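Coordinates in review
Each chain, written out:
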Amino acid sequence: MSAPVPSGKTDRGRFFEDFKLGETLRHATPRTLTAGDQALYIALTGSRFALQSADSFARALGLPAAPIDDLLVFHTVFGKSVPDISLNAVANLGYAGCVFGAPVFPGDTLSADSQVIGLKENSNRKTGVVTVRTTGRNQRGETVLGYIRWVMVSKRDPASPAPPPETPDLPDSVAAADLYVPAGLDLSKYDCALAGSPHLWDDYSVGERIDHVDGMTVEEAEHQMATRLYQNTAKVHFNLHVAAAGRFGRRIVYGGHVISLARALSFNGLGNGFRLAAINGGRHVAPCFAGDTVYAWSEVRDKIALPGRTDVGALRLRTLAAKERPAGDFPATGDNGGQADPALILDLDYTVLMPRR
């Protein structure tokens, strides 16, 4: 009897040689975000920022309701791209040029597409780096998020020919003119007591370092539930049968979940950073696993005055997350030729909006 032949109807994901420079990929599945998603996100991350927590707080500032957390928007759009881009990824390497656009409110439906803007085979010929520009839109076609990311993807056949290498130029940061302030936002009634912090944009100094003090232990069930919330299907986060045979022998925590934990921890010291406006760049320095306890600290890289606004400014921040190590002495980053602290797992350069006095 001959062996059964697979039908070919299942999707095993793209390998490096399946990508074509310049092609645009439309991602399934549109997702309507609700207040329930927001509540679950808070349960999984502990985020406490007032604007995303209370309709009354948001309405006092001229918005129709509490917007969906910016990182929940990011992860939802990111999750759409995983089956088409990184299902067979070895590692997600970094982000650049991420701009948060129109705010997302409960009831909005998000969809996403990605354009391939870079391809480069690695020297081992077993993998290659794919760079894409991903755009998320709401049901009205408004851009809610756009970003560049690059990911190392396995080849199906190491002997297959590689395309000519193409590595795009990446922006160092998002310009002040490109930072989006939500329409109708009026900060004249911003309540610092309700927001949980007395410190406004004027109170921070370039070079200032902030220990966020608190730590959060990652639970196996929680990080997998968070990743499922974003419909991210990457095998390394869920499939222990496959992961056990891999380099680490266990499931890896989705790097975006670490970003969310670091952002939630940053509330203690940056509680008035009410909106994530941009991710200038970032990398996952090392993997995080269930059972690890995450700590974080931030450095103020720049204070940005926004064109035409005296009520709101932007802080460019660099947040470092470490595992199994409190950050009170600011674990070394490895800049200027030094050695990075082995506990570091995240190095994120991003920009937040903050009220001015």
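Data block above holds the structure.
In this report, we go over the structure that sits alongside the text.

Criteria and thresholds
Residues numbered from 1 in each chain as written. Predicted model: local features only at pLDDT ≥ 70, side-chain atom pairs only at ≥ 80, totals over all residues. Heavy atoms only, no water. Helix = DSSP H or I, 4+ residues; strand = E, 2+ residues; numbered from the N terminus. Buried < 20%, exposed > 50% of the residue type's maximum accessible area, 1.4 Å probe, protein only. Lys, Arg positive; Asp, Glu negative; His and termini not counted. Charge placed at Lys NZ, Arg CZ, Asp CG, Glu CD. Phe/Tyr/Trp six-rings, centres within 6.5 Å; stacked < 30°, edge-to-face > 60°. Lys NZ or Arg CZ within 6 Å of the ring centre and 35° of its normal. Pairing = 2+ DSSP bridges. Contact = heavy atoms within 4.5 Å. Salt bridge = Lys/Arg side-chain N within 4 Å of Asp/Glu carboxyl O. 1 Å grid on protein atoms, 1.4 Å probe; cavity = no way out; pocket = protein on both sides within 12 Å on 5 of 7 lines; lining within 4 Å. Points joined across faces, edges and corners; volume = space filled by probe spheres on them. Nonpolar A, V, L, I, M, F, W, Y, C, P; charged D, E, K, R; others polar. Expected span 1.5 Å × (residues − 1). Polar contact = N/O pair within 3.5 Å; in protein donor to acceptor, adjacent residues only side chain to side chain. Core = buried A, V, L, I, M, F, W, Y, C linked by side-chain atoms within 4.5 Å.

**Thoughts on the overall build of the protein chain**
Regarding its fold elements, the protein chain presents 10 helices and 11 strands. Its C-alpha atoms put the protein chain at 75 × 50 × 40 Å along the principal axes. For the protein chain, with 357 residues in total, the buried portion stands at 53%. Averaging the positions of the 37 positive and the 38 negative side-chain charges in the protein chain gives two centres separated by 6 Å.

**Details of the packing of aromatic side chains**
Tallied over the entire structure, the rule returns 11 aromatic pairs. Through pairs of rings, three or more aromatic residues link up here, namely F74, F78, Y95, Y147, Y230 and Y254. A cation over a ring is seen here: R14 above F19, with NZ or CZ 5.4 Å from the ring centre. Between R263 and the ring centre of F49, over which it is positioned, the NZ or CZ distance is 3.8 Å.

**Quick notes on the pairing of strand 8 (residues 275-284)**
Looking along a regular strand, one sees side chains alternate from face to face of the sheet. With respect to burial, strand 8 is a largely interior element, 8 of its 10 residues being buried. Direction of pairing for strand 2 (residues 89-100) relative to strand 8: antiparallel, over a ladder of 4 bridges. Counterpart to A96 in the pairing with strand 8 is G281. Direction of pairing for strand 8 relative to strand 11 (residues 344-355): antiparallel, over a ladder of 8 bridges. Bridged to R275 within strand 11 is L353.

**Concerning the side chain of H27**
The residue H27 is located in strand 1 (residues 24-32) in this model. Excluding residues that lie within four positions of it along the chain, H27 makes contacts with K80, S81, D84, I85, A112, D113 and S114.

**What about the pattern of salt bridges?**
Across all of its chains, the model carries 20 salt bridges by this definition. In this structure, E142 engages R140 in a salt bridge whose closest nitrogen and oxygen atoms are separated by 3.3 Å.

**Quick notes on the layout of surface pockets**
Put simply, the largest pocket is a space of about 970 Å³. Along the wall of the largest pocket there are 39 residues; nearest its centre are A89, V90, A91, V236 and I252. Elements with a minimum of two residues in the lining of the largest pocket: helix 4 (70-85), strand 2, strand 5 (143-154), helix 7 (235-238), helix 8 (240-243) and helix 9 (255-265). Broken down by element, the residue count for the lining of the largest pocket peaks at 6 residues, all from strand 2. Taken together, the residues of the lining of the largest pocket break down into 25 nonpolar, 10 polar and 4 charged.

**Let's talk about helix 4**
Taking 1.5 Å of rise per residue, the 16 residues of helix 4 would be expected to cover 22 Å, and the 22 Å separating its terminal C-alpha atoms lies within 8% of that figure. Here helix 4 lies mainly inside the structure; 15 of its 16 residues are buried. Near the N-terminus of helix 4, the side chain that reaches the backbone nitrogen of L71, with its oxygen 2.9 Å away, is that of D69.

**A few points about the nonpolar core**
Of all hydrophobic cores here, the largest spans 51 residues; its most connected members are F74, L145, I279, V294 and L315. Residues in contact with I279, not counting those within four places in the same chain, are F74, Y95, A96, G97, C98, F100, V174, L348, D349 and Y350. Membership of the second largest hydrophobic core comes to 24 residues, among which are L51, L63, V181 and L187.

**Some details on empty space enclosed by the protein**
Going through the model one piece at a time under the given rule, you end up with 4 cavities of 30 Å³ or more. Within this model, the largest cavity holds a volume of roughly 60 Å³. At the level of elements, helix 9, strand 8 and strand 11 are the ones that each hand at least two residues to the lining of the largest cavity. When grouped by side-chain class, the residues that make up the lining of the largest cavity number 8 nonpolar, 1 polar and 1 charged.

**A look at the pairing of strand 9 (residues 293-305)**
Relative to strand 9, strand 6 (residues 209-211) is paired through 3 bridges, and the arrangement is antiparallel. Bridge pairing in strand 9 links I210 to S298. Where strand 9 meets strand 10 (residues 312-323), 11 bridges bridge the pair, whose relative direction is antiparallel. The residue of strand 10 that forms the bridge with S298 is T319. Connecting strand 9 to the next strand, strand 10, in antiparallel fashion are 6 residues, including G308 with a positive phi near 75°.

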